[in-house]
Amino acid sequence: MSNATTSQSSEAQVATDTPLFEIRDLSVVFDTPDGTVQVVDSVDLKVSAGRTLGLVGESGSGKSVTCLAALGLLAARGRVTSGQVMFNGRDLLKISEEEMAKLRGCEVAMVFQDPMVSLNPVKTIGWQISESLCLHQGLSQGGAKKRAIELLDMVGIPNSKNRYGEYPHQFSGGMSQRAMIAMAIACQPKLLIADEPTTALDVTIQAQILELLSDLKKELDMALILITHDLGVIAEAADDVAVMYAGRVVEEAPVLELFDAPLHQYTLGLLSSLPRIDRTVERLSAIEGAAPPPQEFVTGCRFEARCGHCDDTCSGTRPPFTKISATRRVACMHPVKST
Amino acid sequence: MTRYILIKILRSLFTLWIVVTAVFFVLRASGDPLYSVFSLGTPEATLDVFRVKWGIDKSMFEQYIIYFGDILRGDFGTSFFDGRQAWDIVMERIPKTLLLGGTTFSLSVIIGVALGAVAALNHGTFWDRGIMTASVASFSMPSYFLALLLILFFSLYLRWLPTAGASTWWHLILPSVTLGLTLSGSIARFTRSAMLEVLRQPYMRTARAKGAPRRRQVIWHALPNAAIPTVTVIGFQLGWLIGGSVVIETVFSWPGAGRLFITAVGVRDFAVVQLFILMVASTVITANLLVDILYGYLDPRISVTGDSK
Amino acid sequence: MSLQHETTPATGQMTPTRQPSLIKRWGLSGEWLVSSALIYIGFVLFVAVFGFLFQPYPHTQTDLFNQLAPPVFMGGSWTNILGTDNLGRDVLSRLIKGVQLSVLIGVIGTAIGAVLGSFLGIVAAHFRGWIEEVLMMLVDVQVSLPFIIFALAVLAFVGNSLTILIIVVGIDGWERYARLSRSMVLSANQKDYVLAVRSLGLSNFKIYHRHVLPNIMGTLIVQATINLPGVILLESTLSFLGLGVQEPMTSLGQILGVGRDYLILAPWIAVAPGMVIFFLTLSIAIVGDWLRDRLDPTLK
Amino acid sequence: MKKAIDTNTKAVKPEILMEVRDLVRHFIGPRTSFFGKRKIAHAINGVSFDLYAGETLGLVGESGCGKSTTGQLILNLMEPTSGSVTFLGKDITTLNKQEWRSMRREMQLVFQNPLGALNPRLTIGSQIREPLDIHNVGDADGRNAIVLEMFEAVSLPPHLLERYPHQLSGGQQQRVVIARALIISPKLVVCDESVSALDVSVQAQVVNLLVDLQKKLGLTYLFITHDLSVVRHISNRIAVMYLGRIVELADSETLLENPLHPYTRALISAVPVPDPRARASRATIKGEPPNPFNPPSGCAFNARCPHADDKCRTVLPDFRELAEKHMVACHHAEALVGNQKPNLS
C-alpha cells in the first residue's frame, strides 16, 4: 500500500528545513468561571515527514491542548488567541471548519489517550473504521469493509474478520488502541498525532503499541507527534524532543543530545529524578515543589520557584527561546553548562 | 437475551401481583362498602342479601382468594351500581382514553426530543435558554389550571374551540395540548441533558478528529448514545401521562377511563376502581419492560447473553 | 403529578460559553431570575407565616349580598381587593389562608418523603442482600402505579383528614430519595477515604455520621428542593378534584376547584390562586436548578 | 539502607513479620446460560510469601494480575476464599472484631489516588488526627502535638492543616495520606500504586519521603506497583505476579539482573529506559494476558511464552526455590540460569 509514498521518503528526510507541520507562537486560553487562564503560551513546534517529535511534559503543561488547538479540536471553553499552524503550506487556523473537517482524519489524524472511552460504545469497531474510509475516500460499503479488515490485520488484530463486527466493550485496552490506530491511519495521513497513546496500557502492551506506531510511521512515511509524560517512551521512540513546562516549550533538541546534555534546568532535574530500571542509585534527586497550575502562571521563568540556579534576571521577563545550535533551542537564562 | 427477558418478565409479574394485593387490602380497609351504596335506613336483612350476592360476607382473606381466582379466569367483578361487568364498563371508555393518550404521547415525544436536541446542540445560547425556561415553566404549571386558562381564552373568550366533550376532532385539541405541553417540556429537558452528556464524551472528539461533518457527528455518533437514557425516561413518563389524563379528562369532561375512575372513586365502586388500577399498573409495567428490552437492544454493552465473550 | 420532580440531569454545567453577551441580552441565566424567585418564595413564606395579621376577613365569612364581586382592577370596590366568591367570601382572605395550608402540607410532605426515602435507601445500601431486594421491589411497585391514582383511591376509600392527606402526599417521591441515597451510599462505601477509615477500625455508625452522610447530604437537599414543587402540585390537584383539603379548611387547589364552576362569571376566583401556585412552583424549580448547578452538577 | 538490610538478612535470620500461605480469592462472574453455572475467576490463586521486618517487598505485575487484591486481602479489607495470613504470630483471617481493633493499628494502606483517599469535606488536620481519635491515643493536646510532629515529618508546612484536600497539590495530598497512615505507628504499610498517579518530579519527592520514613520508623512496606523502575529503587525483594500467582520472587538486583521466568524477562524488556542509546530491538512479547474467567491449563503464561512446550500447556509449574532465595514457577527456568537478560546493560 505504501509503494507510492516510500519513494518520497528520502526527499522528505533531506528537506528538513521546510517542516511538514509547524506551530508558531500558538497561545490558547480557557474560559473558566473564575476568569480566563492562558494554558498554552506562545508555543513553537515543528516536525518533518518521516520523523517523530516527542512532546514531553508533566500533567497540565499544555502538551495535549497545543495539539488539540492546532487541529481545531478544543473544547468549547478553549480559544486560540494567537499563532499559526502551518501544514503543507496552509495555515490551519485560517481555513474554514469544512475544509478542516476534510483534512482531519485524512491528512492529519489523531490517536487519543484512553482508547476505551475514545471509541463510540454503540457502534461496531468495523463501522468506526469504515466511516473514515467512506468519508474521505468515498469507498462503497463493501469496499470500506474490505479495507477496514485489511487495516485491522495491519495493526495486528488477530481474527480481524470476526472482530470487525464486535463492539468496543468486547475489546481489551490494547486491542482498542490498535483499533484506534487503524482508524487513524485509514486514509494514510501525512501526520499522526498520538496523545499519550500508551499511558492507559500495561507495559508489555505499551511496548507492542510503540513498536506498531514506529513500524507504521516507517511504512506510511508519516510525521509522528508523540505526546507523553514518560521520558522512557521518548527515549524509545522519538527523533526530536520538545520539553514543555507550565504552558511553554522550554527546550527543543534531537533525542540523543537531549538525554546526553540537557540544557534547561528543568530537563536536567526531570532526568535525574527518574528512577531507572537499568541502574541503582542511592537516592533520587527530586525537584522540590510542584508545577504551578495555569492560574498561577507568571510572565517570567515559570520554573524559577523550583530552580536552584535562578537569580534576578529570571523573574519579570520571559526567558527568550534561544537558538543554541542548528537543532537546539532553550528558554533558560542560565542553561546547564555541559561538562 | 432470553434469560435477561425472562427474569424481567418474572419480576414484572411479581410487581403486578404486589400492586393488586396492596390495592385490594387498602380499599377494603375502608369498611363496609354497602353503606355508601344504600341509604341509611335500608334494613340489615336486605343488606345481607347483597352481602352474599357480592361475596362480601366472607372473611377478608377468603374474599382475596376468590377475587384473585376470578382475575385469573378473566372475571373482574360487577359494579355495585349498575350491576354490569366492570370489564365492560371500563372497556367502553378505553378507546377515548387511547385516542387522547396516544395523540398526546406521540406528539410530545417528537416535539420534546426535537426541542431537547436543539437546546443541547446550541448549548448556552438564546435557543437553549429559551427552551429550558419554557420547559421549567411548562411543568411548574398545574395542568388543571392551564386547562382552565386555555378554556377561558380559546373557548369562552375567542369561542374557537369547544370546552368539553369528545364528539369531534376539535374537542381533542385542548386536552392534548394541556397534557402534552407538560410532557414535552419534561422530555425536552431529559433529551437535552442526555445529549449534553454525550457531547462531552471523548468519542465525540474522536468523531471530530476523524473529520466527520457536524451533522454526521450528531446523527450517527451522538443520537444513538443519547437515545439510551432518553428512552428509559420516556418510558417512565407513560405513568405520568396516565395520572395526568385522569385530571385532564375530568376538567374537559372527556369520556375516557380516567374520568370514569374519578366517578367510581367518588362512589366507592370497588370493582371498577380495582380493574382500572390493575390496567394502569399493567400498562406501566409492560411499558417499563419494553423499555428494558429496548435498552438491551440499543446498548450493546448490556450483556444480553450473560457473558462478555 | 410527578413530572416536575423527575430529577433531570443538570441543566448544563455552568461552563462559560462562546456567546456570553447573548445570554446576558436574553437575561435569563442571570442571577436576577434566581433572585426574583427567591424573593417570591420569601414573600410566600412570609404570607404563610404572618399572613393572618393582614387577613381582612375570616376566610369562612360569607356575605350573601356580595357574591361574585369583581376585584379592584376589574372595577370592584376596595372592600374586597381580589373580589369575592360564590358565597361572598373574600378571595384575598381565602388566598392567604390557602397559601398557609398549601405551604404547610408541601413542606411537611416533602420532609416526610425525604427522610423516609433517604433512610430506606441507606438501609438498603448498608445491608445489601435480601433487605435491599425487598426495598428495591417496593420501589418498583411504587413506580408502576401513577401516584395520583393511588392517592385518589386511598383518600376516597380510606377517608380524608389533614393527617392522612399529609401522609399520602409525603409518601409521594420516597422512591426517588431511596434510589438516590442507595446509589450514593453504595458508591461512597467504595471511596478510598471510607476504605481508609474503615481500615483504621472506625465504627459503622461513625463512618456514616462523619464521612458518608456529610458527603451525600447536599445532593439529598437539592433533590428535596426539586421535589417540593411536585408535592405542592399534588396537594393542589387532589384538592382541586375535591379529595384533598376539605371545607372549612382551604388550600390553593381547593379555591381553584370552586372557581372552576364560575369560570365565566368570576374568572378571578380561579385565576388568583392558580397564579400563586404557578409562580411558587416555578420559583422553587428555578432555585432548585440553580442549587443543583451550584452545589451538585453530578446529580441525575 | 537497602544495603544494611541485605547484609542483615545474610548475617542473622531475619524476623518474619507476616507469613502469607496459599491465599486464594475467587470472584464470581455472570451466568453463562439460564440454568448455567456462574463462572469463577481465581483473582488470587495460591499466593504465598513472607514479609521480613524492616524490608520493602515490591509486588509487580500488569493490571488484573491480582496484586491489588493481594494487598486488600492481607489487610483484611476483603475476605480470602481460603489460605492464611499470619501477622505478629496471629492468623488474621480468623480474628474477631475486638482483636481486629488492636490489629488495625499495626497495618495501614496508602492509596493510589490521594484525592479520592481524603474526605473532601474535612480539613487536612482533622483527617490526619482521625486515627488517633479512633484509637484513643493520648488527650486532645497530645494528639495535636502528634499531628504537628507527623506533619513536619512528611515535610508539610503547618498552615496547611486548616486547608481542605482540593486546595493541595497532588504531591501534598499524597503526603497527607502517608501522614494519616503512619500517625498510629503501624508496623506494616501497604503502598498500593502510591506514587503512580504523581508527576515524575513529584514522584521522586514522595519516593524519597517513603524511604526516609522507613529508615526513621523501622517500617515494613509491601510496595504494589506496575512500575518496575520505581520498584527497583525502593524494594529489597521483588515478587512478580501473573494471573493470580507469584511467578518469581527474589532480591531486587538478582531478579532484575538475572530473571529466571520468561514473563519477568518480557516485563523487564518492555520497560522503556530513559536512554536513547539503549534503544534496542527489544523482544516484545506477543498477545495479552488471558481472561481470568477462562484461564489456560498448565502455566498461565504458556500462550505468550517463547519457551512453551507441551508440558507447559498441561502441567502447572511448581513455585520452587531454584537458586538461593530465588523462587520461580517455570518448568524451563534452569535453562535460563546464567543466560543474559534481554536488553539491559
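> Honestly, the overall build of chain C in this entry has me stumped. Any pointers?
Each helix and strand in chain C was counted, giving 11 helices and zero strands. Helices and strands in chain C line up, N terminus first, as α-α-α-α-α-α-α-α-α-α-α. Classification of the 300 residues of chain C by burial places 58% in the buried group. In chain C, the share of contacts with a sequence separation of at least 24, taken over all contacts with a separation of at least 6, comes to 72%.

> Hey, could you run me through a nonpolar patch on the surface in this one?
Side chains of Phe46, Val49, Phe50, Phe52, Leu53 and Phe54 of chain C sit close together on the surface and give an oily, nonpolar patch of about 630 Å² of accessible area. Within the secondary structure layout, Leu53 of chain C lies in the loop between α2 (31-50) and α3 (91-127).

> What is the right way to read helix α10 (residues 252-260) of chain C from this model?
An α-helical turn contains 3.6 residues, so any two residues separated by three or four positions project in the same direction. The buried fraction of α10 of chain C amounts to seven of the nine residues, a majority that puts the element mostly inside the structure. Of all the positions in α10 of chain C, only Leu252, Gly253, Gln254, Ile255, Leu256, Gly257 and Gly259 of chain C are classed as buried. On its buried face, α10 of chain C is in contact with α8 (143-157) of chain B together with α3, α9 (204-240) and α11 (267-295) of chain C.

> What is the right way to read the sheet that holds strand β7 (residues 188-192) of chain D from this model?
What links the strands of a sheet is backbone hydrogen bonding, and the strands pair in either a parallel or an antiparallel sense. Residues and elements named next belong to chain D. With respect to topology, eight strands assemble into an open sheet ordered β6-β7-β8-β3-β9-β10-β12-β11, the strand pairing being mixed. The open sheet is flanked by β6 (107-110) and β11 (320-323), the only strands paired with a single partner. Along the sheet, successive strands turn relative to each other by an average axial angle of 20°, direction set aside. Two elements, strand β9 (residues 237-242) and strand β10 (residues 245-251), share six bridges in a ladder whose sense is antiparallel.

> Just checking my understanding: could you explain the sheet that holds strand β9 (residues 240-245) of chain A for this structure?
Residues and elements named next belong to chain A. On the basis of which strands lie adjacent, the open sheet formed by eight strands has the order β6-β7-β8-β3-β9-β10-β12-β11 and mixed pairing. Single-partner strands in this sheet number two, and they are β6 (108-111) and β11 (322-323). Where strand β7 (residues 191-195) meets strand β8 (residues 223-228), five bridges bridge the pair, whose relative direction is parallel. When the bridges of β8 are listed, Leu191 appears paired with Ala223. Of the strands in this sheet, β3 (52-56), β7 and β8 touch helix α9 (residues 203-220), which is tilted by about 160° from β8.

What counts as what
- Residues numbered from 1 in each chain as written.
- Chains lettered and ligands numbered in written order.
- Predicted model: local features only at pLDDT ≥ 70, side-chain atom pairs only at ≥ 80, totals over all residues.
- Heavy atoms only, no water.
- Helix = DSSP H or I, 4+ residues; strand = E, 2+ residues; numbered from the N terminus.
- Buried < 20%, exposed > 50% of the residue type's maximum accessible area, 1.4 Å probe, protein only.
- Contact = heavy atoms within 4.5 Å.
- Patch = residues over 30% accessible without salt bridge, like charges linked within 9 Å, V, L, I, M, F, W, Y side chains within 5 Å.
- Areas by Shrake-Rupley, 256 points an atom, 1.4 Å probe, with all protein chains shown as cover.
- Salt bridge = Lys/Arg side-chain N within 4 Å of Asp/Glu carboxyl O.
- Pairing = 2+ DSSP bridges.
- Axes fitted to C-alpha atoms, helices over the stretch in contact; angles between N-to-C directions.

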